[in-house]
Amino acid sequence: MKIAIVGAGLTGLSCALELKDYNPTIFECHDVGGLLSSHERKGYRIEKFYHHFFRWDHDLLNVIKRLGLSSKVVWKIAKTGFAIDGKIYPLNTPLEILRYPHLSLTDKIKLARFTLKSRKRDYTIEDDRGVVEGIREELGENLLQKFFMPLLKAKFGENYNRVSYAWLLARVAIRSNRKLSGEELGYLRGGFWQLVDRMAEGLNIVRKPVENIGYFSKKYHIHGTEFDAVVWTAPLPFLDSKIADRLNLPNIVYQSSICALVGCEKPLSDLYWINVDNAIFGAIIEHTNFMPLEDYGEHLIYLASYTTPNSELFRMSEKDLANLYLKDLERLGMRRRDVKWIKIFKAKYSAPIYEKGYLKKIVPYRTNLKGFYLAGMFSKPNYPERSMNGSIRAGIEVANALKEDFGLS
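Residues numbered from 1 in each chain as written. Predicted model: local features only at pLDDT ≥ 70, side-chain atom pairs only at ≥ 80, totals over all residues. Heavy atoms only, no water.

S.K.: Please set out the packing of aromatic side chains residue by residue, giving values where relevant.
M.R.: For the structure on display, the rule yields 25 aromatic pairs. Taking the centre distance of 5.1 Å and the plane angle of 90° together, the rings of Tyr-44 and Tyr-296 count as edge-to-face. Here Tyr-296 lies in the loop between β16 (283-286) and β17 (299-307) and Tyr-44 lies in strand β4 (residues 44-47), a separation of 252 residues in the sequence. We note that Tyr-44, like Tyr-296, is buried. Linked through ring pairs, Tyr-123, Phe-156, Trp-167, Tyr-354, Tyr-358 and Tyr-383 together constitute an aromatic cluster. It is Arg-55 that lies over the ring of Trp-75; its NZ or CZ is 4.1 Å from the centre. (Phe/Tyr/Trp six-rings, centres within 6.5 Å; stacked < 30°, edge-to-face > 60°. Helix = DSSP H or I, 4+ residues; strand = E, 2+ residues; numbered from the N terminus. Buried < 20%, exposed > 50% of the residue type's maximum accessible area, 1.4 Å probe, protein only. Lys NZ or Arg CZ within 6 Å of the ring centre and 35° of its normal.)

Below, the structure is given as structure tokens:
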């Protein structure tokens with residue numbers, strides 16, 4: 001039984017671990033780990049894109065335990081806030097939320113009721129309704145503009161208006177189990193490169209792109225080798241058009257990610273996560289307000305933007321992007337002389353846009369081509385929150401589907 005896996009992100013790696021007895025060949029043309037790959041600095045390694053996990057991420061935690069990394073797991077309450085008009089407001093405790101000046105008490109009560117109600121709602125019936133329309137009708141214009149609109153733009157960039165109301169309801173439901181002091185998040189102290197390296201250990205990873213997949217005589221042909229089955233875990237736009245046409249896939253629209261990683265002499269605040277209104281980036285993630293500064297020797301800050309693959313922003317050079325990011329960071333109080341370095345990372349197809357009707361587009365693992373499987377960001381475990389856990393679960397589930405179809409033990 002010869003199996004090919006395309007993509008060595010978390011889905012591809014977890015699938016390969018489940019199929020390890022059959023020595024699958026994994027094709028990867030970029031960094032192993034995908035969006036979880038790391039940037040190496042003198043004395044440490046840090047993820048190119050910010051990552052954390054939650055208590056309910058059982059598949060991820062099981063893999064961490066299985067690979068002997070449980071002692072590295074750290075849980076902390078992450079302080080969050082909102083930056084508006086150049087000022088940062090902490091929004092963690094009930095008192096801080098009551099003091100927030102940009103929402104009335106009536107709006108804050110509406111928001112609390114909406115959060116509680118969302119846990120019990122059937123979000124699927126709102127899949128064809130737009131998120132802006134849903135918020136406006138249910139919560140009013142002020143909450144839409146003053147609270148939700150910056151969050152939507154931070155998450156989806158210029159594509160926020162395409163998003164389904166179902167996505168918001170589902171996401172609020174899974175993220176509303178907060179403690180009074182804030183939200184508890186987990187991290188692998190020292191970096192997730194340890195997880196990626198352990199997962200990849202002993203796997204047959206071929207560093208080649210897969211641009212063409214032949215299919216004849218009931219076999220798949222990749223780089224001159226025959227395979228009985230293929231598991232595609234890379235973004236769908238990279239899929240060979242001949243295969244894609246035969247699979248009759250839905251039109252899934254992707255967004256792109258741009259993440260600036262900044263090394264600083266001083267922190268910007270004492271918060272971990274700050275949502276930002278009216279800036280080139282929609283969120284500030286101060287990593288060293290979450291993990292100990294001594295692990296790195298310098299303050300580390302992520303500045304995150306979401307856009308589309310063909311946008312002017314995504315096409316900008318690293319130098320021009322760095323200038324834009326630093327200007328907006330200065331507006332929030334960071335002095336340019338306190339910035340030691342800045343590095344820009346891009347992901348052209350980082351995740352689907354959860355647009356209206358998206359629930360009908362979620363791609364199943366099995367396809368109409370025997371032996372060809374699909375799993376990744378577009379799979380059910382990554383809705384409504386794309387995550388490390390969702391990607392690992394998709395890899396496990398697609399491997400189980402393959403084993404069942406081929407009668408493998």
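Back to the text.
S.K.: Can you break down helix α11 (residues 318-331) residue by residue, with the values?
M.R.: The α-helix winds at 3.6 residues per turn, so residues separated by three or four positions along the chain end up facing the same way. Taking 1.5 Å of rise per residue, 14 residues should cover 20 Å, and α11 covers 20 Å from first to last C-alpha, within 8% of that figure. Those residues of α11 that sit buried are Leu-321, Ala-322, Tyr-325, Leu-326, Asp-328 and Leu-329. Projected down its long axis, α11 shows its buried positions confined to an angular sector of 165°, all on one face. Opposite the buried face of α11, at more than 90 degrees from it, the exposed residues are Lys-319 and Lys-327. Residues of α11 that are buried make contact with β14 (254-264), β17, α10 (312-315) and β18 (339-352). (Expected span 1.5 Å × (residues − 1). Arc of directions from axis to C-beta. Contact = heavy atoms within 4.5 Å.)

S.K.: Go over the pairing of β4 with me, naming the residues and quoting the values.
M.R.: Here four bridges tie strand β3 (residues 38-41) to β4, and the two strands are oriented antiparallel to one another. If you follow Arg-41 over to β4, its bridge partner there is Tyr-44. Counted along the chain from β3 to the antiparallel partner β4, the turn is two residues long, and its residue Gly-43 has a positive phi close to 95°. (Pairing = 2+ DSSP bridges.)

Read these as spatial facts, not as claims about activity.
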